[in-house]
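The chain contents come next:
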Amino acid sequence: MNINLTLIGQLIAFVAFVAFCMRYVWPPIAGAMAERQDKIAEGLAAADRAGHDLEVAQQQVDEQLAEAKREAAGIIEAANKRAQAVVEEAKDTASTEAERVKAAAAAEIEQERARAQEQLLTQVSALALAGAEKILAAEIDADKHSDLLKTLSVDS
Amino acid sequence: MAANGDTQTVSEYIVHHLTNLTYGKLPGGYERYDGTIVPEAGQWTMAHGSDEMTAMGFNAVHVDSMIWSVGLGLIFCWVFRRVAVRASAGVPTGLVNFIEMVVEFVDGTVKDTFHGRNPLIAPLALTIFVWVFLMNLMDLIPVDLIPHSLMLVGVEYQKIVPSTDPNITMGMAIGVFLLMLFYSIKVKGFGFVKELTLNPFNHPLFIPINLFMEVVGLLAKPFSLGLRLFGNMYAGEMIFILIAALFSVGLFWLLPAALLQVGWAIFHILVITLQAFIFMVLTIVYLSMAHEDH
């Protein structure tokens, strides 16, 4: 167990190896490890962000879908209303038209009746006059009693 | 068995295993193992036997410790540098993954313990942890494998676990100690002197007592750091050698000794990792203390 120059030799070797390690070994390895750690942390953060983005997008999609559905329902409702309105209007128009046609027909009938009555009256009065003429042939002068006959026909 | 002939005893076997391959300067006039006399100016040579090592004193180098220690350090640098070049922010694979796990573990320990900002601490801790672990790992190689193989090609002694050499562990501990002193002075400046002299008794009269206590406390740190690792590894290595020595006792001991060897090796996996970890953590703690004002 002699203490000798080996001590100094080992001391020098020790200093040399530590210096080498400090200069050429530790910084690259520790640097690479730190860099990798940063990269992994970044990657995880990005993944988190992407997940969050996806969630937001999903939410947006849901919202838009709901709105579209709402809009579609509105459109269908409006269309239904419109259809009903059109039918109603058509009904109204039809019934009005029917009324009008009916009224026109009634008026025509009335006119027709009035004319027929008048004609009938005229014919009746003419017939009556003819009858009366035949009956009263001598007694009644047509020219003399025309006024009277006229009043008669109007009254009847 | 690293038998050198039939005459080797168990104690010789153990001593042989605990002897470093030493290159050093023998003093002038010393009579070598083969009877030759060293010239007056001294002589740099490989030591032969523990007497010559003692005679060399401080002017000697444990060649095996240095080669294994520096070699393992170079392996550490090479492997980690390769990974450092390949490291990118992309998906890591294979070896990169493993190295990054080690780096992250060391980084976590440093961040838990050291609260200042110093770019030296983490690489220092990484170097210590991996290097000490690799040096301790040599303990798991069967005790006779490399020394005996090398002996066959003419290398007399070989101790392949550098951390069982106090020179190695203390060399590192002194490195850490110098860093402690440097940062203490750099961070605290004059406060460091105050810390040594006015603590724990804050009175001018107690300055010598304080100084003595604090200096002892300060010196205890590198010694505890280096000698703890050395002691643990030396004891572990010793057990391996003792179990290996059992093989020579007789055929009956073959199986128990083998089982013991395996059992101790499995347990030792824990010990070597723990010792490397402790050395690293204590380094961080000591340097953290050097950075903090009390």
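The coordinates are above.
As a starting point, this report considers the structure included with it. (Residues numbered from 1 in each chain as written. Chains lettered and ligands numbered in written order. Predicted model: local features only at pLDDT ≥ 70, side-chain atom pairs only at ≥ 80, totals over all residues. Heavy atoms only, no water.)

Structural notes on the overall build of chain B
Here is step 1 of the chain: Per the secondary structure count, chain B includes 10 helices and 3 strands.
Here is step 2 of the chain: For chain B, the sequential pattern of α-helices and β-strands runs α-β-β-α-β-α-α-α-α-α-α-α-α.
Here is step 3 of the chain: Based on the C-alpha atoms only, the size of chain B along its principal axes is roughly 65 × 60 × 40 Å.
Here is step 4 of the chain: The contacts of chain B with a sequence gap of at least 6 include a subset with a gap of at least 24, amounting to 69%.
Here is step 5 of the chain: Just so you have it, chain B exposes about 14400 Å², and 70% of that area is on carbon and sulfur atoms. (Helix = DSSP H or I, 4+ residues; strand = E, 2+ residues; numbered from the N terminus. Contact = heavy atoms within 4.5 Å. Areas by Shrake-Rupley, 256 points an atom, 1.4 Å probe, with all protein chains shown as cover.)

Regarding a negative patch on the surface
Here is step 1 of the chain: A surface patch of like charges, here negative, comprises Asp62, Glu63, Glu67 and Glu71 of chain A.
Here is step 2 of the chain: Considering the arrangement of structural elements, one finds Glu63 of chain A in helix H1 (residues 6-135). (Patch = residues over 30% accessible without salt bridge, like charges linked within 9 Å, V, L, I, M, F, W, Y side chains within 5 Å. Salt bridge = Lys/Arg side-chain N within 4 Å of Asp/Glu carboxyl O. Lys, Arg positive; Asp, Glu negative; His and termini not counted. Charge placed at Lys NZ, Arg CZ, Asp CG, Glu CD.)

Some points on the interface of chain B and chain A
Here is step 1 of the chain: Counting residues at the interface gives 54 residues for chain B, matched by 28 residues for chain A.
Here is step 2 of the chain: Both sides of the chain B and chain A interface together cover about 3600 Å² of buried area, and 77% of this is carbon and sulfur.
Here is step 3 of the chain: Per-residue buried area on chain B facing chain A is highest for Phe58, Ala89 and Asn167 of chain B; these three make up 18% of the total on that side.
Here is step 4 of the chain: For the salt bridge of Glu100 of chain B with Arg36 of chain A, the shortest nitrogen-to-oxygen distance reads 2.8 Å. (Buried area = accessible area lost by both parts, 1.4 Å probe.)

Topic: the packing of aromatic side chains
Residue and element names in this part refer to chain B.
Here is step 1 of the chain: Tallying each qualifying case throughout the model produces 13 aromatic pairs over all chains.
Here is step 2 of the chain: Arranged with centres 4.8 Å apart and planes meeting at 50 degrees, the rings of Phe76 and Phe80 form a pair that is tilted. Here Phe80 and Phe76 lie together in helix H3 (residues 63-86), a separation of 4 residues that amounts to about one turn.
Here is step 3 of the chain: Look at Phe76 and you get buried, because its relative accessible area is 1%.
Here is step 4 of the chain: Note on Phe240 and Trp264: the rings are 6.4 Å apart at their centroids and 65 degrees apart in plane angle, and the pair reads as edge-to-face. (Phe/Tyr/Trp six-rings, centres within 6.5 Å; stacked < 30°, edge-to-face > 60°. Buried < 20%, exposed > 50% of the residue type's maximum accessible area, 1.4 Å probe, protein only.)

Observations concerning the pairing of strand E1 (residues 22-26) of chain B
All names here are of chain B.
Here is step 1 of the chain: Strand direction decides the pairing type here: E1 and strand E3 (residues 60-62), joined by 3 bridges, are antiparallel. Counterpart to Thr22 in the pairing with E3 is His62.
Here is step 2 of the chain: In this sheet, strand E2 (residues 43-46) lies alongside E1 in antiparallel orientation, the contact comprising 4 bridges. Paired with Leu26 across the strands is Gln43, a residue of E2. (Pairing = 2+ DSSP bridges.)

As for a nonpolar patch on the surface
Here is step 1 of the chain: A cluster of nonpolar side chains, contributed by Phe201, Leu205, Phe206, Ile209, Phe212, Met213 and Val216 of chain B, occupies part of the molecular surface with about 700 Å² of accessible area.
Here is step 2 of the chain: Position of Phe212 of chain B relative to the elements: it lies in helix H9 (residues 207-246).

A few points about the packing of helix H8 (residues 190-197) of chain B against H9 of chain B
Between two packed helices, the angle of one axis relative to the other and the distance separating the axes together describe the packing.
Residues and elements named next belong to chain B.
Here is step 1 of the chain: At a minimum axis distance of 6 Å, the contact between H8 and H9 shows a crossing angle of 105 degrees. The orientation of H8 with respect to H9, classified from their angle, is roughly perpendicular. When H8 is examined against H9, the residues Phe192, Glu195, Leu196 and Thr197 are found in contact with a partner set consisting of Ile207, Asn210, Leu211, Glu214 and Leu218.
Here is step 2 of the chain: Its residues assigned to classes, the contact of H8 with H9 comprises 5 nonpolar, 2 polar and 2 charged. (Axes fitted to C-alpha atoms, helices over the stretch in contact; angles between N-to-C directions. Parallel < 35°, antiparallel > 145°, perpendicular 65-115°, else oblique. Nonpolar A, V, L, I, M, F, W, Y, C, P; charged D, E, K, R; others polar.)

Describing the sheet that holds E3 of chain B
All names here are of chain B.
Here is step 1 of the chain: Taking strand neighbours across the sheet as the criterion, the 3 strands line up as E2-E1-E3 in an open arrangement whose pairing is antiparallel. Bordering the open sheet on either side are E2 and E3, each of which pairs with just one other strand. Along the sheet, successive strands turn relative to each other by an average axial angle of 15 degrees, direction set aside.
Here is step 2 of the chain: Each of E1, E2 and E3 is contacted by H3, which is oriented at about 50 degrees to E3, the strand it contacts most.

Digging into the packing of H1 of chain A against H3 of chain B
Here is step 1 of the chain: At their nearest, the axes of H1 of chain A and H3 of chain B sit 9 Å apart, and the two run at 5 degrees to each other. Judged by the angle between their axes, H1 of chain A and H3 of chain B are roughly parallel. Judged by residue contacts, Thr6, Gly9, Gln10, Ala13, Phe17, Phe20, Cys21, Tyr24, Val25, Pro28 and Ile29 of chain A of H1 of chain A engage Ser65, Met66, Ser69, Val70, Gly73, Leu74, Phe76, Cys77, Phe80, Arg81, Val83 and Ala84 of chain B from H3 of chain B.
Here is step 2 of the chain: Considered class by class, the residues forming the contact of H1 of chain A with H3 of chain B number 16 nonpolar, 6 polar and 1 charged.

Considerations on the nonpolar core
Here is step 1 of the chain: Among the nonpolar cores identified, the biggest contains 67 residues, and Ile29 of chain A together with Phe80, Val106, Leu126 and Ile128 of chain B are the most heavily contacted of them.
Here is step 2 of the chain: With 12 residues, helix H5 (residues 121-137) of chain B is the largest single contributor of residues to this core.
Here is step 3 of the chain: With residues up to four places along the chain from it excluded, the contact list for Phe80 of chain B reads Val25 and Ile29 of chain A together with Ile99, Val102, Val103, Leu126 and Val130 of chain B.
Here is step 4 of the chain: The next biggest cluster of nonpolar side chains, apart from the first, holds 10 residues, and it includes Tyr13, Leu18, Ile241 and Ala245 of chain B. (Core = buried A, V, L, I, M, F, W, Y, C linked by side-chain atoms within 4.5 Å.)

Remarks on the pattern of salt bridges
Residues and elements named next belong to chain A.
Here is step 1 of the chain: Inspection of every chain in the model, using the stated rule, returns 7 salt bridges over all chains.
Here is step 2 of the chain: Put simply, Glu97 and Arg100 hold a salt bridge, and the shortest N to O gap is 2.8 Å. Taken together, the positions of Glu97 and Arg100, both in helix H1 and 3 residues apart, correspond to about one turn of that helix.
Here is step 3 of the chain: Put simply, Glu110 and Arg113 hold a salt bridge, and the shortest N to O gap is 3.0 Å. Residue Glu110 and its partner Arg113 are both found in helix H1; the two are separated by 3 residues, about one turn of the helix.
Here is step 4 of the chain: Classification of Glu110 as partly exposed rests on a relative accessible area of 42%.
Here is step 5 of the chain: What makes Arg113 partly exposed here is its relative accessible area of 46%.

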